[in-house]
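Spelled out, the chains give:
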Amino acid sequence: MKLDSSVSAVITGGASGLGEATARRLASHGVKVALFDLDAERGEALAKELGGVFCPVDVSSDDQVTAGFAKARAEIGQERILVNCAGIGGPVKTVSRDRETGAIVEFPMDKFERTVGVNLFGTFRCIKKSAAGMLTLDPMDDGERGAIVNTASVAAEDGQIGQAAYAASKAGIVGLTLTVARDLSAEAIRVNTILPGIFDTPLLGRASESVRASLAAQVPFPKRLGKADEFAQVVELLVSCGYFNGEDVRLDGAIRMAPR
Ligand code: NAD
């Protein structure tokens, strides 16, 4: 797919981190961007800067996602690109002992369901609604109708202690990539997924300097955290290279996560 102003894109989680970098990179080619996010303040400001549109969307809500696509399409046209970046984490062990009382504590199911609801169900919800819209368009000159990129995590393959819900949600995204690519192949829509390692985003900015340094030291090469624009570069490749389809790509400086 050629990236220019004839193309529109929806980026979920587009107000921050990897989604923001993706929006910036796509917009630098003239692509019209719509940002779906919970964070209206950052989202509005970035959309204004990029000449795009902000849509207040919780990807776990069917109604909000439907309204988001309606708003985006009314303002910048039917998207040919969807990049799913919205995601949440937060470590909780399957069972643990309360430090003070010694009481046995189970992983709260509502937290497990929320994590899977945002990361996995939210991703699939946006894929199917976006693909349904893409089907209303004619294919472009290269025969392609659209391209979708999802964000999993290396935790899908080497989840750490406390990541049961997060790893399961991200493994689910890896699990659906090939089958959805096959589902959409007759309609000329490609689907790929990126598994980021450790990236320097506001998500990680909450960690202390020593934690960040220790994480960077674990990366074989380069010995640093990933830059958000390096993620965006791979999104650009996956969208623009027409032979990439049904693939899960680790982007991690060769790190394999230790148990903790
Ligand atoms: P981030 O916190 O900087 O950005 C995430 C954005 O998603 C935020 O703007 C947030 O408001 C939005 N969001 C959260 N829940 C949402 C919801 N229900 N609906 C709509 N928007 C929602 O984080 P990031 O590091 O840019 O993470 C982006 C994605 O990359 C996530 O899916 C995350 O799991 C994944 N990831 C990040 C890393 C990393 O090291 N940063 C590593 C592996 C995977």
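Above this note sits the structure.
Presented here is a report on the structure given in the accompanying data block. None of the values given here were measured: they were computed from a predicted structure. (Residues numbered from 1 in each chain as written. Predicted model: local features only at pLDDT ≥ 70, side-chain atom pairs only at ≥ 80, totals over all residues. Heavy atoms only, no water.)

Quick look at the site of the ligand now. If you check the shell around the ligand, you find 27 residues, and the closest are Ser16, Asp37, Tyr166, Phe199 and Thr201. Interatomic distance of 2.9 Å between a side-chain N/O atom of Asp58 and a nitrogen atom of the ligand. Between the ligand and Tyr166, the relevant distance is 2.6 Å, taken from an oxygen atom to a side-chain nitrogen or oxygen of the residue. In the shell around the ligand, the residues fall into 15 nonpolar, 8 polar and 4 charged. (Near = heavy atom within 4 Å. Polar contact = N/O pair within 3.5 Å; in protein donor to acceptor, adjacent residues only side chain to side chain. Nonpolar A, V, L, I, M, F, W, Y, C, P; charged D, E, K, R; others polar.)

In this section: the sheet that holds strand E9 (residues 248-251). Here 7 strands make up an open sheet; going across it, the order is E3-E2-E1-E4-E7-E8-E9 and the pairing parallel. Unpaired on one side and paired on the other, strand E3 (53-56) and E9 mark the two borders of the sheet. Taking each pair of neighbouring strands and ignoring which way they run, the sheet shows an average axis angle of 20°. Pairing between strand E2 (residues 32-37) and E3: 4 bridges, direction parallel. Within the sheet, the bridge partner assigned to Asp37 lies in E3 and is Pro56. The strands touched by helix H2 (residues 40-50) are E2 and E3; relative to E3, the strand with the most contacts, the crossing angle is about 160°. (Pairing = 2+ DSSP bridges. Helix = DSSP H or I, 4+ residues; strand = E, 2+ residues; numbered from the N terminus. Axes fitted to C-alpha atoms, helices over the stretch in contact; angles between N-to-C directions. Contact = heavy atoms within 4.5 Å.)

Moving on: H2. For H2, the set of buried residues is Gly43, Leu46 and Ala47. The buried residues of H2 occupy one face: seen down the axis, they fall within an arc of 100°. Those residues of H2 that are exposed and aimed more than 90 degrees away from the buried face are Glu41, Lys48 and Glu49. As for H2, its buried residues are in contact with helix H1 (17-28), E2 and E3. Measuring from the backbone nitrogen of Glu41 back to the side-chain oxygen at the start of H2 gives 3.3 Å, which picks out Asp39 as the cap. Phi turns positive, to about 70°, at Gly51, one or two residues after H2. (Buried < 20%, exposed > 50% of the residue type's maximum accessible area, 1.4 Å probe, protein only. Arc of directions from axis to C-beta.)

No statement about biological role is implied by the geometric values presented.
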